[in-house]
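# Observations on the three-dimensional arrangement
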Amino acid sequence: MKRIFSQIHRPTKRVFTFGWIIIILMLAVSTVFYIGAGEWFDYYKAVDVSEKLLAAVRPVTVFVCIGSLALEYSSKHKENLSE
């Protein structure tokens, strides 16, 4: 996996890395709202925010994966054209 990650281009690495950081943060915040519902936060609002964040994780994941694949494809395509 390290060899594969070292072969991809820098913009693709940035999109992939920052995308997964955002996804992990969304999951963490969703978990904090769900666990803290009723204790630290208003129950109904916290559960609603938690569910919305959790529902948004899947589209963000798809966007990050497709974005990184598209950037890598375009970078490889430009390399092949320049040769």
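Scroll up to find the structure this text is about.
Before going into details, it helps to say that this report is about the structure given with it. (Residues numbered from 1 in each chain as written. Predicted model: local features only at pLDDT ≥ 70, side-chain atom pairs only at ≥ 80, totals over all residues. Heavy atoms only, no water.)

## Focus: the side chain of threonine 12
Structurally, the position occupied by threonine 12 is in helix 2 (residues 10-36). With sequence-adjacent residues up to four places away left out, threonine 12 is seen in contact with Ser68, Leu71 and Glu72. (Helix = DSSP H or I, 4+ residues; strand = E, 2+ residues; numbered from the N terminus. Contact = heavy atoms within 4.5 Å.)

## Quick look at the side chain of serine 30
Here serine 30 shows up in helix 2. Those residues in contact with serine 30, other than ones at most four positions away along the chain, are Ser50, Leu53 and Leu54.

## A short note on a nonpolar patch on the surface
Judged by side-chain polarity, Val32, Tyr34, Ile35, Trp40 and Phe41 come together as a nonpolar surface patch covering roughly 570 Å² of accessible area. Note that valine 32 resides in helix 2. (Patch = residues over 30% accessible without salt bridge, like charges linked within 9 Å, V, L, I, M, F, W, Y side chains within 5 Å. Areas by Shrake-Rupley, 256 points an atom, 1.4 Å probe, with all protein chains shown as cover. Salt bridge = Lys/Arg side-chain N within 4 Å of Asp/Glu carboxyl O.)

## Re helix 2
In this model helix 2 runs 38 Å from its N-terminal to its C-terminal C-alpha over 27 residues, within 8% of the 39 Å that 1.5 Å per residue would give. Taken residue by residue, helix 2 has Thr12, Gly19, Ile23, Met26, Ser30 and Gly36 as its buried positions. Buried residues belonging to helix 2 abut helix 3 (43-82). Positioned one or two residues after helix 2, glycine 38 has a phi angle of 95 degrees, which is positive. (Expected span 1.5 Å × (residues − 1). Buried < 20%, exposed > 50% of the residue type's maximum accessible area, 1.4 Å probe, protein only.)

## Considering the pattern of salt bridges
Counting across every chain of the model gives one salt bridge. The shortest N-O distance in the salt bridge between lysine 52 and aspartate 48 comes to 3.4 Å. Placement of the pair is lysine 52 and aspartate 48 together in helix 3, with a separation of four residues, close to one helical turn. Classification of aspartate 48 by relative accessible area gives partly exposed; the value is 35%.

## Here's the deal with helix 3
With 40 residues, helix 3 should cover 58 Å at 1.5 Å per step; its first-to-last C-alpha distance of 58 Å lies within 8% of that length. At valine 57, helix 3 shows its maximal bend, which comes to roughly 25 degrees, and the proline proline 59 appears one to four places after that position. For helix 3, every residue scored as buried is listed here: Ala46, Val47, Ser50, Val57, Thr61, Val64, Ser68, Glu72 and Ser75. In this structure, the buried side of helix 3 is in contact with helix 1 (2-7) and helix 2. (Bend = angle between axes of the 7 residues up to and from the residue.)

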